[in-house]
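# What the coordinates show
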Amino acid sequence: MIADIWFGLIAFSLMMYVVLDGYDLGIGIASLFERNRERRTEKVEIVATAWDGNESWIILMAVALWGGLPEAFGALLPAIYLPIIVMLFGIILRGAAIELSVSLRSDAWITVFGIGSLIVAIAQGFAIGGVLQGISHDDGVFNGGTWDFLSWYSVLTAVATVAVYVVAGAAFGQLKSEGESARAARRLGLSTLLVGIPIVAVTAIWSMDLLPQQLTGGRVVLFWALVVVAVIATAATIWGFRSGPDAAAMVGVVVAEISGMLALVVGMVPIVVPPDMTISEAAAPHSALTFLLVGIGLNVPLVLFYNWYAHHVFRGKYRPVEERPAGVTQAGWAMRAGGERASDEQEVRS
Amino acid sequence: MGLAAPSDLMLDVSRWQFAFTIAFHMTFPAITVGLSVFLAATYAMFMRTHKPIYLQIFRFWKKIFAVGFALGVVAGTVITFEFGLNWGPFAAATGPILGPIIGMEVVTAFFLEAGFVGVMLYGDGRVKERTMLICCSLVALGTILSTTWILSANSWMQTPAGYRFEDGQFVPENWWQVIFNPSFAWRFPHMLLAVLIAAALLIAGVAAYYLVRGRAREFARRTFSVALGVLALLLPIQLFVGDNIALQYIVPHQLPKLEALEGNWDSTNTGYQLLVIPDQDGQQNLWELSVPWFGSAIGAKDLSGNTPVPGLAMTPPEDQPNMTASFYGFRAMFYGSMLIFIVAFGSVVLRLRRRLYRATWFHKLVMWLTPVGVIAIIGGWVTAEAGRQPWVVYGQMRTEDGVSQLSEGAVIGSFVGFLLIYLTLFAVWLWYVIRQVKRGPEDVSVDEIDPDPDPVRGSVAEPSTPVTP
Ligand code: HDD
Ligand code: HEM
Ligand code: HEM
């Protein structure tokens, strides 16, 4: 029971990660298609103020899995060794590139930031596919091969992941910018959806075949309800990019991401490591789970507050940079919500 | 010894990869923890005095902090995953203990730093001064909490306590004993002091460079004086704590580590080994350079010089750590701390004689010793980690039993990838720091500082209690 609650927290961390880091990886990938120097810089700075907090969710997810379901952690990671290692390479390059490009005002590092983001997205897609198609283990010890993760299915999940992240990045970019930047974001969002929707749909249908649980009884209802929500949210996203208010696309993407992941969970629980390892088999002893639930569970609201605060301080849209004073970053110079200028409230004036 | 069997090679590469990636990670916390404290203090000074010099210091070091912090974060993320990737069986066995501890680190420390570092780095001109100070302080608090939890986790692996072993897993029984395990009480202060010392030396070294060059005088004098003051205060404490690590924890809990780091095989030497060339297979030293009496005096605490230092041959070969790694890791730290001691002591003497800003030879010395704190830290960790082999959980689980069954190609490939990326980034980072230092701190114009920091109340200084006439 307590292990099931803990599994809920792991799934929650994964969703927070996909929602938050999804958009900033997407912005990174989008920067690869942007030629205008100012707008490339703007993209890095949108990410620079929040990437660390966004990325912390994947660390929490990994550690929550390690502490709460150690057998699953020990079996899963060796099975997807290569995709995870490559993902780490991407994370390293990208994190270094963000601070270096801002600090050095260097365009070359923005390219590294974009490539790193693309690598992370592709690698995560392969990892997800590799896990969903099932891993071979002997009583919790991985005994398959290095390339087991690679299949047509995982190629498809990789492409689908990139598409979802780019759409999320475009939606966030639209939210944070105005003028030509916002129009470019809308265009990118729409064209990615055009190719992305069929790919994600095929991936979803194929996944239903692979999911370890038979979709019967209550599961069927829940599963299809979530699929319907995801479809509606996707429609809302399209509307948001075409003509809706600036926030609509972002809301649509987030709802679609969450309902998609919940549908996967419905098709899996209580299996955590496909094809057959269950939550209770993988669970840590009671004394560990209690500590986790109290110690970490109680901290989650605080953690959510930190995340909210980091976004709240830098709320508002990025403006064209002409009148920005030296030493103040674009993020610092962004407009506050409601349209007033940042300088109205600032104290260290220039 | 013949050719290593395939799985031996895999084990060795996994170990090298872990050691290399964590040493790379360690390089950055070694300076960012101390820098974050320094930045928060500098900003507090700026708020109190509104002198441009403090803003100048803050902005200069903030830039160096930012890139180091980012590298520390991404390199730390790598390590978390490596526990499962390369050490799957270890992760499955220790998960119930180490997972919750590091999980607490994630929620109390990592998220705290991550949430507020954005404001600290990019909030200039956007948030109130007070908000800025709070954010800087929270980042500093986060780095210290991070040090606390991770030292607890690592200390549990050195001196496991408060658990029972059941079905191949470590099951926590008493969390108090797990977290405050026997070695934590000494190792945590030692580590915290170490990172503060390393950062202080870095700050002093950069200031010394400006003093030698005669540039940025005001900036150089202030930071030189503060950093050396901190060093002079902390170093004596560190020598005391370090000595107690050996006496209170290594001798009772991990004697083979002490034998290895002192560099003796048989237990007859009363001298102190300055340099050795060990031959692990032959269980002897091929060459050694030893100072008579000293080993007995500081190693065994017998001033009469008659007590020999225990040798590694007391431990059966299959339970011995590698002497070369333990010995030279320890010597790097020990000789490093002697050099830092000279700096700290010298600064006190010069300060008393009012020559701190004029003694050019001293400035040059400090300048050349800039990286020694970081080197001592890496050396200390090599001692701690290599000296506890062959155990990954001391006395309970051997490193070779913790390794994942991966293909050799995969592990060699990932190691080569890490080598390429990390060595490149390290070079870039060094270039970046040197470039920033050479450029020097940027001037802060006076009109950039608001003489009227509180637009609502409209007065700079407001009496806290109303003065009754
Ligand atoms: C929470 C745990 C933890 C912490 C804080 C550290 N280590 Fe560690 N270290 C391990 C957990 C660990 C480990 C998982 O237990 C390893 C991997 C394999 C092994 O033998 O122990 C290890 C091995 C290991 C080795 C290889 C030893 C050998 O195989 O002979 C070295 C040189 C280091 N580490 C160095 C460091 C450094 C420089 C650290 C500074 C940050 C550090 N360790 C912190
Ligand atoms: C095996 C040991 C270690 C692991 C698993 C580990 C893990 C991590 C992770 C995942 C991060 C990134 C967190 C983020 O996103 O903000 C990180 C950063 C950090 N770690 Fe470690 N770490 C280890 C050793 C240490 C040690 C020994 C210290 C003590 C001084 C330390 C101090 C820090 C600090 C201060 C940060 C913040 C970023 C920085 O400045 O580098 N870590 N670590
Ligand atoms: C004379 C002074 C010192 C003595 C006797 C001393 C002693 C020790 C010993 C015995 C260890 C091994 C602990 C273990 O096995 O876990 C250690 C570890 C370490 N030392 Fe020192 N030390 C001294 C000074 C320093 C200084 C000046 C620094 C850094 C600036 C430093 C940094 C470290 C670090 C980072 C570790 C590894 C972390 C740990 O194990 O707690 N030490 N020290």
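Residues numbered from 1 in each chain as written. Chains lettered and ligands numbered in written order. Predicted model: local features only at pLDDT ≥ 70, side-chain atom pairs only at ≥ 80, totals over all residues. Heavy atoms only, no water.

Scanning chain A from N- to C-terminus turns up 13 helices and four strands. The C-alpha radius of gyration computed for chain A amounts to 21 Å, which stays within 12% of the reference 20 Å derived for 350 residues, consistent with globular compactness. Its C-alpha atoms give chain A principal-axis dimensions of roughly 65 × 40 × 35 Å. Buried positions account for 61% of the 350 residues belonging to chain A. Long-range contacts, defined as pairs at least 24 residues apart, comprise 75% of the intrachain contacts of chain A with a sequence gap of at least 6. As displayed, chain A offers around 13300 Å² of accessible surface, 69% of which is attributable to carbon and sulfur atoms. (Helix = DSSP H or I, 4+ residues; strand = E, 2+ residues; numbered from the N terminus. Rg over C-alpha atoms; globule rule 2.2 N^0.38 Å. Buried < 20%, exposed > 50% of the residue type's maximum accessible area, 1.4 Å probe, protein only. Contact = heavy atoms within 4.5 Å. Areas by Shrake-Rupley, 256 points an atom, 1.4 Å probe, with all protein chains shown as cover.)

Moving on: the UniProt feature "transmembrane region" (unreviewed entry) in chain A. Feature annotation in UniProt places "transmembrane region" (unreviewed entry) on residues 6-33, 75-96, 108-132, 152-175, 187-208, 220-241, 248-273 and 288-309 of chain A, given in this structure's numbering. The annotated region residues 220-241 of chain A carries 100% helix and 0% strand content, and the separation between its end C-alpha atoms amounts to 32 Å. (UniProt positions renumbered as here; feature names shortened; annotations may be inferred.)

Moving on, we come to the coordination of the iron atom of ligand 3. All names here are of chain B. Within the protein, His-190 (NE2) and Met-333 (SD) serve as the donor atoms for the iron atom of ligand 3, at 2.0 to 2.2 Å. Around the iron atom of ligand 3, the six donor atoms are arranged such that angles at the metal cover 74 to 180°; this shape is classified as octahedral. Taken together, the positions of His-190 in helix H7 (residues 184-213) and Met-333 in helix H11 (residues 323-352) put the pair 143 residues apart, joining distant regions of the chain. For His-190, a relative accessible area of 17% gives the class buried. (Donors = N, O, S within 2.8 Å, 3.2 Å for Na, K, Ca; no water. Tetrahedral: all angles 85-135°; square planar, octahedral: opposite > 155°, others 65-115°.)

If you look at the interface, chain A gives 71 residues, while chain B gives 80 residues. Taking both sides of the interface into account, the surface hidden between chain A and chain B amounts to around 6800 Å²; carbon and sulfur atoms contribute 73%. There are zero salt bridges connecting chain A and chain B. The interface formed by chain A and chain B includes ten residue pairs in polar contact (both at pLDDT 80 or more). Those elements that place two or more of their residues in the side of chain A that touches chain B are helix H3 (51-68), helix H4 (70-79), helix H5 (81-104), helix H12 (286-313) and helix H13 (330-333) of chain A. (Buried area = accessible area lost by both parts, 1.4 Å probe. Salt bridge = Lys/Arg side-chain N within 4 Å of Asp/Glu carboxyl O. Polar contact = N/O pair within 3.5 Å; in protein donor to acceptor, adjacent residues only side chain to side chain.)

Right, let's get into H11 of chain B. All names here are of chain B. For H11, spanning 30 residues, the distance from its first C-alpha to its last is 43 Å, which sits close to the expected 44 Å at 1.5 Å a residue. The N-terminus of H11 is capped by Asn-322, whose side-chain oxygen sits 2.9 Å from the backbone nitrogen of Thr-324. Where H11 terminates, the next one or two residues include Arg-354, which has phi positive at roughly 55°. (Expected span 1.5 Å × (residues − 1).)

On to helix H2 (residues 37-48) of chain A, then. Structural remark: α-helix, 3.6 residues per turn; residues separated by three or four positions point the same way. All names here are of chain A. With twelve residues, H2 extends 16 Å between its outermost C-alpha atoms, agreeing within 8% with the 16 Å of an ideal straight helix rising 1.5 Å per residue. Judged by how many residues are buried, H2 sits mostly within the fold: nine of twelve residues are covered. Turning to H2, its buried residues are Arg-39, Arg-40, Glu-42, Lys-43, Val-44, Glu-45, Ile-46, Val-47 and Ala-48. The N-cap of H2, judged by a side-chain oxygen 2.9 Å from the amide nitrogen of Glu-38 a few residues on, is Asn-36.

Before going further, it helps to spend a moment on the side chain of Lys-317 of chain A. All names here are of chain A. For Lys-317, the position within the fold is in the loop between H12 and H13. Of the residues examined, Lys-317 reaches a relative accessible area of 18% and is grouped as buried. Engagement of the side chain of Lys-317 in a polar contact is seen with the backbone oxygen of Gln-174, the distance being 3.4 Å. For Lys-317, the side chain forms a polar contact with the main-chain oxygen of Leu-175, separated by 3.0 Å.

For a metal with four tetrahedral donors the ideal donor-metal-donor angle is 109.5 degrees, while six octahedral donors give ideal angles of 90 or 180 degrees. No protein donor other than Glu-385 of chain B (OE) coordinates the iron atom of ligand 1, and that contact is at 2.7 Å. Topologically, Glu-385 of chain B is positioned in helix H13 (residues 372-386).

Right, let's talk about the side chain of Ser-177 of chain A for a bit. Residue and element names in this part refer to chain A. Within the secondary structure, Ser-177 sits in the loop between helix H7 (152-176) and helix H8 (180-210). In this structure the side chain of Ser-177 is engaged in a polar contact, spanning 2.6 Å, whose partner is the backbone oxygen of Gly-173. A distance of 3.5 Å separates a polar atom in the side chain of Ser-177 from the backbone nitrogen of Ala-182. Ignoring any residue separated from it by four or fewer positions in sequence, one finds Ser-177 in contact with Glu-42, Ala-182, Lys-317 and Tyr-318.

On to unusual backbone geometry, then. Trans peptide bonds make up most of the peptide bonds, and negative phi angles are found at most residues other than glycine. With an omega of 0°, the peptide bond between Val-269 of chain A and Pro-270 of chain A qualifies as cis. Position of Pro-270 of chain A relative to the elements: it lies in the loop between helix H10 (248-268) and strand E3 (271-273). Across the junction of Pro-274 of chain A and Pro-275 of chain A, the peptide omega takes the value 5°, indicating a cis bond. Residue position: Pro-275 of chain A is located in the loop between E3 and strand E4 (277-278). Although it is not a glycine, Arg-105 of chain A sits at a positive phi angle of roughly 45°. Turning to its location among the elements, Arg-105 of chain A is positioned in the loop between H5 and helix H6 (107-132). Positioned with a positive phi, Asp-167 of chain B is a non-glycine residue whose angle comes to about 45°. Mapped onto the elements, Asp-167 of chain B comes out in the loop between strand E1 (163-166) and strand E2 (169-172). Look at Asp-167 of chain B and you get exposed, because its relative accessible area is 74%.

Attention shifts here to a positive patch on the surface. Taken together, Arg-217, Arg-221, Arg-353, Arg-355 and Arg-358 of chain B make up a surface patch of like positive charges. In this structure, Arg-353 of chain B sits in the loop between H11 and helix H12 (360-368). (Patch = residues over 30% accessible without salt bridge, like charges linked within 9 Å, V, L, I, M, F, W, Y side chains within 5 Å. Lys, Arg positive; Asp, Glu negative; His and termini not counted. Charge placed at Lys NZ, Arg CZ, Asp CG, Glu CD.)

The immediate surroundings of ligand 2 are formed by 25 residues, with His-25, Thr-32, Gly-72, Gly-76 and Glu-113 of chain B found nearest. Here His-25 of chain B contributes a side-chain N or O atom positioned 3.0 Å from a nitrogen atom of ligand 2. Taking Thr-32 of chain B, its side chain carries an N or O atom lying 2.5 Å from an oxygen atom of ligand 2. Broken down by secondary-structure element, the contributors of at least two residues to the shell around ligand 2 are H3 of chain A together with helix H1 (6-27), helix H2 (29-49), helix H3 (52-85), helix H4 (88-122) and helix H5 (129-158) of chain B. Top element by residues in the shell around ligand 2 is H3 of chain B. It accounts for eight residues. Tallied by class, residues from the shell around ligand 2 come to 13 nonpolar, ten polar and two charged. (Near = heavy atom within 4 Å. Nonpolar A, V, L, I, M, F, W, Y, C, P; charged D, E, K, R; others polar.)

Residue and element names in this part refer to chain B. This model, assessed by the stated rule, comprises 49 aromatic pairs over all chains. Relative to Tyr-422, the ring of Phe-24 lies with its centre 3.8 Å away and its plane at 15°, an arrangement referred to as stacked. With Phe-24 in helix H1 and Tyr-422 in helix H15 (residues 408-439), this pair connects stretches of sequence that are 398 residues apart. We note that Phe-24, like Tyr-422, is buried. (Phe/Tyr/Trp six-rings, centres within 6.5 Å; stacked < 30°, edge-to-face > 60°.)

Take a negative patch on the surface next. Residue and element names in this part refer to chain A. A cluster of like negative charges, contributed by Asp-138, Asp-139, Asp-276 and Glu-281, occupies part of the molecular surface. In this fold, Asp-139 is placed in the loop between strand E1 (137-138) and strand E2 (141-142). Judged by relative accessible area, which is 71%, Asp-139 ranks as exposed.

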